[in-house]
Amino acid sequence: MKTALLEELQQARVEKRQVVLATNLTSGNQKLLYPFESEDNSDLAEAARNALRYDKPATFESENGTVFLNIFNPPLRLFIVGAVHIAQALVPMAAGADYEVTVIDPRRSFGSSFRFPNVTLDNRWPDEALEELNPDRRTAIVTLTHDAKLDDPALQHALKSDAFYVGALGSGRTHTKRQQRLLKVGFTEEDFARIHGPIGLDIGAKSPAEIAISIMAEITAVLRQKEIT
Amino acid sequence: MTETASTLSDDDILSQALNWKKDGRSVALATVINTWGSAPRPAGSQLAIDETGQMVGSVSGGCVEGAVIQEALEIIKSGEPKTLEFGVSNDEAWEVGLACGGKINVFVEKLD
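Residues numbered from 1 in each chain as written. Chains lettered and ligands numbered in written order. Predicted model: local features only at pLDDT ≥ 70, side-chain atom pairs only at ≥ 80, totals over all residues. Heavy atoms only, no water.

A. Molecular detail of the layout of surface pockets. The calculated volume of the largest pocket comes to roughly 1,400 Å³. In terms of lining residues, the largest pocket is bounded by 38 residues, among which A:Arg13, A:Asp55, A:Ile71, A:Phe72 and A:Asn73 are the most central. Residue assignment for the lining of the largest pocket shows that the elements contributing at least two residues are α1 (3–14), β3 (58–62) and β4 (65–72) of chain A together with α2 (13–22) and β1 (27–36) of chain B. If you tally residues by element for the lining of the largest pocket, the top one is β4(A), at 4 residues. (1 Å grid on protein atoms, 1.4 Å probe; cavity = no way out; pocket = protein on both sides within 12 Å on 5 of 7 lines; lining within 4 Å. Points joined across faces, edges and corners; volume = space filled by probe spheres on them. Helix = DSSP H or I, 4+ residues; strand = E, 2+ residues; numbered from the N terminus.)

B. Main features of the environment of B:Asp11. Residue and element names in this part refer to chain B. When you line up the elements, Asp11 lands in the loop between α1 (3–7) and α2. Since its relative accessible area comes to 64%, Asp11 is described here as exposed. When the C-alpha atoms of Asp11 and Val56 are compared, they prove to be 8.2 Å apart, with 45 residues separating the residues in sequence. (Buried < 20%, exposed > 50% of the residue type's maximum accessible area, 1.4 Å probe, protein only.)

C. The arrangement of the domain arrangement of chain A in detail. Residues and elements named next belong to chain A. By the assigned domains, chain A splits into domain 1 (3–72) and domain 2 (76–223). Summing both partners gives a buried area of about 430 Å² for domain 1 against domain 2, and 38% of it is carried by carbon and sulfur. On the domain 1 side of the contact with domain 2, Lys16, Gln18 and Phe36 bury the most area, a combined 71% of that side's loss. Where domain 1 meets domain 2, there are 1 salt bridge. Residues Asp55 and Arg138 are paired through a salt bridge, measuring 3.8 Å at the closest nitrogen-oxygen approach. (Domains from an automatic or database assignment. Buried area = accessible area lost by both parts, 1.4 Å probe. Salt bridge = Lys/Arg side-chain N within 4 Å of Asp/Glu carboxyl O.)

D. Fine view of the interface of chain A and chain B. Listed as interface residues are 20 residues of chain A and, on the opposing side, 25 residues of chain B. In this assembly, chain A packs against chain B so that about 1,800 Å² is buried in total across both faces, 61% of it on carbon and sulfur atoms. Taken together, chain A and chain B are joined by 3 salt bridges. When the shortest N-O distance is used, the salt bridge between A:Lys2 and B:Asp112 registers 4.0 Å. In this structure, the connection of chain A to chain B is made through 8 residue pairs in polar contact (both at pLDDT 80 or more). The biggest single contributor to the side of chain A that touches chain B is α1(A), with 8 residues. Across the side of chain A that touches chain B, the residue classes break down as 8 nonpolar, 9 polar and 3 charged. (Contact = heavy atoms within 4.5 Å. Polar contact = N/O pair within 3.5 Å; in protein donor to acceptor, adjacent residues only side chain to side chain. Nonpolar A, V, L, I, M, F, W, Y, C, P; charged D, E, K, R; others polar.)

E. Molecular detail of the sheet that holds strand β2 (residues 46–50) of chain B. Residues and elements named next belong to chain B. What the 5 strands build is an open sheet, ordered β3-β2-β1-β5-β4; its pairing is antiparallel. The strands lining the two open edges of the sheet, one partner per strand, are β3 (55–57) and β4 (82–86). The sheet shows a mean angle of 20 degrees between the axes of neighbouring strands, taken without regard to direction. Relative to strand β5 (residues 103–111), β1 runs antiparallel, the two sharing 9 bridges. Across the sheet, residue Thr31 finds its bridge partner in β5, namely Phe107. (Pairing = 2+ DSSP bridges. Axes fitted to C-alpha atoms, helices over the stretch in contact; angles between N-to-C directions.)

F. How the structure looks around empty space enclosed by the protein. One pass over the structure, following the stated rule, counts 1 cavity of 30 Å³ or more. Of the volumes computed, that of the largest cavity is approximately 40 Å³. Along the walls of the largest cavity sit A:Leu21, A:Thr23, A:Gln30, A:Phe68, A:Asn70, B:Thr31, B:Gln46, B:Phe107 and B:Glu109, which together make up its complete lining. Every element with two or more residues in the lining of the largest cavity is listed here: β1 (19–24) and β4 of chain A together with β5 of chain B. A per-class count over the lining of the largest cavity returns 3 nonpolar, 5 polar and 1 charged.

G. Here's a closer look at the environment of A:Pro106. All names here are of chain A. Tracing the sequence through the fold places Pro106 in the loop between β6 (99–104) and β7 (120–122). In sequence terms Pro106 and Tyr165 are 59 residues apart; their C-alpha atoms lie 22 Å from each other. Contacts of Pro106, omitting those with residues within four sequence positions, involve Asn123, Arg124, Trp125, Pro126 and Leu150.

H. Summary view of the packing of aromatic side chains. Counted under the stated rule, the structure contains 0 aromatic pairs over all chains. Lying over the aromatic face of A:Tyr34, A:Arg17 brings its terminal NZ or CZ to 4.0 Å of the ring centre. Taking NZ or CZ as reference, B:Lys103 lies 4.5 Å from the ring centre of B:Trp36, over its face. (Phe/Tyr/Trp six-rings, centres within 6.5 Å; stacked < 30°, edge-to-face > 60°. Lys NZ or Arg CZ within 6 Å of the ring centre and 35° of its normal.)

I. Representation of the packing of helix α5 (residues 148–159) of chain A against helix α6 (residues 172–184) of chain A within the structure. Residues and elements named next belong to chain A. Running from N to C, α5 and α6 cross one another at 60 degrees; their axes reach a closest spacing of 11 Å. One way to sum up the angle between α5 and α6 is to call them oblique. Once α5 is placed against α6, the crossing between them reads as right-handed. When α5 is examined against α6, the residues Ala148, Asp151, Asp152, Leu155, Gln156 and Leu159 are found in contact with a partner set consisting of Arg178, Arg181 and Leu182. Split by residue class, the contact of α5 with α6 holds 4 nonpolar, 1 polar and 4 charged. (Parallel < 35°, antiparallel > 145°, perpendicular 65-115°, else oblique. Left-handed = near helix turned anticlockwise from the far one by under 90°.)

Here it is as structure tokens:
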């Protein structure tokens with residue numbers, strides 16, 4: 001590997017870009033691919049996209065021999081809007097699954113370091129916080145406040161982002177009302193369908209910890225593109 | 001501290017490889033490219049080796065690292081990349097292999 005190429009790879013990782021190192025195993029020739037930043041629809045670009053999507057390196061048979069596609073995905077991130085009881089259970093689970101977690105809540109009595117000692121807290125209004133945190137394809141966003149004044153701005157921002165998962169706590173009835181509000185401000189049915197609501201896999205969860213498990217399970221299933229029936 | 005070192009984790013294998021290289025050492029990189037059965041480390045796992053045999057990272061959790069280092073030192077001299085194959089080890093044979101019953105291919109290259 002050329003040192004200059006390794007430096008470019010490290011820079012791309014610092015910039016949190018999704019990058020693939022393609023190595024021809026016969027010749028040793030290498031190049032970096034940024035398949036989500038181009039319209040390239042070659043088989044190689046598509047294979048690189050899938051490797052990133054599934055978070056799994058792959059081999060690709062080219063006319064010049066086998067090419068190994070090593071993937072460098074940015075870290076997974078989870079933004080939790082609402083420093084509520086369920087969030088207290090969700091934070092350690094997500095951290096354990098290797099997510100960088102940020103809890104967003106402008107209500108300081110909720111979003112306090114006393115209640116959330118080991119996590120990044122953001123006390124800005126959700127849309128303002130998300131604007132700067134810049135959710136990407138490796139980001140999941142969940143809203144847990146039950147309060148439209150806080151959840152809605154977050155969801156509006158989330159739907160304009162590339163976040164791979166957007167989920168909102170609330171009953172079916174709450175979700176229907178939420179749908180009406182979001183459609184009124186210009187979102188389409190298709191946009192709204194991106195929101196997982198009521199949030200979480202239906203495992204009969206009751207306690208905050210159980211609900212956190214159901215949320216984490218749903219995020220995992222979406223990340224790994226596993227159909228849940 | 002470089003920008004890279006400040007934002008990638010301290011134990012980042014490629015950062016270490018780059019630091020060694022900047023210190024003027026010769027460096028090889030080993031990467032798991034394929035696994036079959038119960039291999040200990042998944043494809044994409046990496047090991048960086050310097051000219052003195054120091055290493056960071058892992059390609060097999062310890063089973064074949066010794067053999068990979070030997071090959072890496074050769075590749076540092078020759079500059080020719082190579083794919084190594086490791087299969088199941090047999091308790092009664094003195095060969096290098098994976099006790100867990102898996103099989104892995106490891107690509108080893110010099111950092112030029």
